[in-house]
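# Residue-level structural notes
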Amino acid sequence: MIYATTPLTPAIREAVALTWGLTGEGERLHGGEESAAYRLDGHVIRVGPAGRDPAESEWCHAIARHAAATLREALAPVLTPGGTTVITVEGRPISCWPHVDGAWPDSGAPAQRVAGARLLARLHRSLACCRPGPRPVPAFQESGLYGDPPHDAAGLDDPQLDRWLAGFHARHPLRHPLHGDFYAGNTLARDGTIVAVLDWDECFVGAPEIDLAAAALEWGDDLAGPSKEFVDAYHEAGGTASRLDGESLAQLVRHKLRREYAYFHKAARSGVEHDQDDLDYHRARVELFHRLRP
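In this text the structure is predicted, and so the values were computed from the model without any measurement.

### Observations regarding the sheet that holds strand β3 (residues 43-47)
Strand order in this open sheet of five strands is β1-β2-β3-β5-β4, and the pairing throughout is antiparallel. Because the sheet does not close on itself, it has two edges, and the strands there are β1 (27-28) and β4 (87-89). Two strands pair when backbone bridges link them, and strand β2 (residues 36-40) and β3 are joined in this way by five bridges, in the antiparallel orientation. Across the sheet, R39 pairs through a bridge with V44, a residue of β3.

Here it is in structure tokens:
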């Protein structure tokens with residue numbers, strides 16, 4: 001796993017002190033493939049990737065704020081004096097969040113997996129009435145989602161999957177905001193209880209079944225396929241997604257795997273050097289994409 005190494009520069013620290021009144025050197029927190037997070041004076045400062053449109057971050061943060069109004073685990077960004085959630089420093093979007101003590105839950109533990117599924121169900125219910133308007137920039141997960149062959153994943157070209165995705169969305173009209181990246185690494189647990197859901201940068205409006213299928217893969221055995229236990233627990237908790245047959249679950253998971261393939265190659269083009277573990281994992285995910293073909 002490659003994590004962002006973006007520093008908390010003097011210019012960022014100065015802007016954070018002027019905006020939110022937080023001072024100190026900052027402690028780098030674990031995780032973050034594109035954004036780096038630092039604990040600072042009882043809060044977390046997130047430093048986004050250079051060039052990201054602050055309007056995109058504001059849009060995603062509005063989703064988080066909506067969820068936080070009814071879901072205790074959802075963290076909302078701290079507003080600036082001007083009522084926004086983002087400042088731009090050195091070309092990067094900077095945001096401030098409350099700090100919550102905790103560690104990544106063990107998605108391999110059945111109790112934690114069920115807890116994650118129940119949390120996703122409650123998150124979807126909390127977002128079902130949210131109407132944020134068009135996303136300023138399409139989310140990475142949206143490429144190819146509606147049947148147009150994704151240009152950045154030609155190595156996994158699959159016209160049958162493209163046609164299936166177009167038909168699926170015609171048959172499933174429900175749309176509401178989704179977290180977009182609901183895996184164990186974007187949650188925190190304490191004393192066996194999940195206490196926070198983090199990182200809203202990949203939010204987009206879509207069919208909730210997309211979030212469910214992707215999360216079932218991430219919280220299950222990701223080298224064997226999606227977790228039926230996760231899906232069942234989600235539905236038992238009253239999530240908004242419809243029940244999926246085996247083919248539908250597999251095809252939605254294959255869409256996610258194809259986006260992972262595109263992200264892997266995007267990172268390589270940007271100069272990321274993947275180690276052997278990364279390469280082995282990538283190969284296993286590509287094999288899973290082919291193995292899940294209906």
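Still more to cover.
### Some words on the pattern of salt bridges
Tallying each qualifying case throughout the model produces 21 salt bridges. Here K266 makes a salt bridge to E34, at a shortest N to O gap of 3.9 Å. Of this pair, K266 sits in helix α7 (residues 246-269) while E34 sits in the loop between β1 and β2, placing them 232 residues apart in sequence. Via salt bridges that share partners, E34, R46, R52, D199, D201 and K266 belong to a single interconnected network.

### Digging into helix α6 (residues 228-236)
Every buried residue of α6 is accounted for by F230, V231, A233, Y234 and H235. Tucked inside the fold, the buried residues of α6 contact α3 (110-127), α5 (208-218) and α7. Remark: G238 follows α6 within two positions and exhibits a positive phi of approximately 85 degrees.

### Some words on unusual backbone geometry
Even without a glycine there, the phi angle at E90 is positive, about 55 degrees. With respect to the helices, strands and loops of the structure, E90 is situated in the loop between β4 and β5 (92-98). The backbone of D199 sits at a positive phi, close to 55 degrees, despite the residue not being glycine. Looking at the secondary structure, you find D199 in the loop between β8 (193-197) and β9 (204-206). On the basis of relative accessible area, D199 is assigned to the partly exposed category, the value being 22%.

### Looking at the nonpolar core
Among the nonpolar cores identified, the biggest contains 66 residues, and L123, F182, W200 and F230 are the most heavily contacted of them. Discounting residues that sit within four places of it in the chain, L123 has contacts with A67, L71, H179, F182 and W200. In this structure, A15, V16, A36 and I94 belong to the second largest nonpolar core, which totals 15 residues.

### Quick look at α5
Most of α5 is tucked away: eleven of the eleven residues are buried. Residues of α5 that are buried: P208, E209, I210, D211, L212, A213, A214, A215, A216, L217 and E218.

### Concerning the pairing of strand β7 (residues 187-190)
Bridge analysis of β7 against β8 gives four bridges, and the strand direction is antiparallel. For A189, the partnering residue across the bridge sits in β8 and is I194. In this antiparallel pair of consecutive strands, β7 and β8, the connection spans two residues, and D191 shows a positive phi of 55 degrees.

### Observations regarding the state of the cysteines
Note on terminology: a disulfide is the covalent bond linking the sulfur atoms of two cysteines. The full count for this structure, using the stated rule, is zero disulfides. The structure places no disulfide on C60, whose sulfur is separated from the nearest cysteine sulfur, that of C203, by 5.0 Å. Using a relative accessible area of 1% as the deciding quantity, one classes C60 as buried.

### Focus on the packing of aromatic side chains
In this description, a pair of aromatic rings is defined by centroid distance and the angle of the planes. Scanning the entire structure with this criterion turns up four aromatic pairs. For the pair F140 and Y263, a centre-to-centre distance of 5.8 Å together with 85 degrees between the ring planes defines the contact as edge-to-face. With F140 in the loop between α3 and α4 (159-171) and Y263 in helix α7, this residue pair connects regions lying 123 residues apart in the sequence. Their ring planes at 25 degrees and their centres at 5.8 Å tell us that F182 and W219 sit as a pair that is stacked. Taken as a pair, F182 in the loop between β6 (176-178) and β7 and W219 in the loop between α5 and α6 lie far apart in primary sequence, 37 residues in all. Grouping residues by exposure puts F182 and W219 together as buried. Taken together, the ring pairs in this structure connect F182, W219 and F230 into an aromatic cluster. One Lys or Arg, R254, reaches over the ring of F289 and ends 4.1 Å from the middle of that ring.

### Section: the pairing of β3
Counting buried positions along β3 yields four of five residues, so the element is predominantly enclosed. Remark: two residues form the turn of the hairpin made by β2 and β3, two consecutive strands paired antiparallel; D41 in that turn has positive phi of roughly 55 degrees. Pairing geometry for β3 and β5, over five bridges, is antiparallel. Along β5, the bridge assignment pairs V44 with W97.

Cut-off values and rules
- Residues numbered from 1 in each chain as written.
- Predicted model: local features only at pLDDT ≥ 70, side-chain atom pairs only at ≥ 80, totals over all residues.
- Heavy atoms only, no water.
- Pairing = 2+ DSSP bridges.
- Helix = DSSP H or I, 4+ residues; strand = E, 2+ residues; numbered from the N terminus.
- Salt bridge = Lys/Arg side-chain N within 4 Å of Asp/Glu carboxyl O.
- Buried < 20%, exposed > 50% of the residue type's maximum accessible area, 1.4 Å probe, protein only.
- Contact = heavy atoms within 4.5 Å.
- Core = buried A, V, L, I, M, F, W, Y, C linked by side-chain atoms within 4.5 Å.
- Disulfide = S-S within 2.5 Å.
- Phe/Tyr/Trp six-rings, centres within 6.5 Å; stacked < 30°, edge-to-face > 60°.
- Lys NZ or Arg CZ within 6 Å of the ring centre and 35° of its normal.

As far as function goes, none of this settles anything; it's purely spatial.
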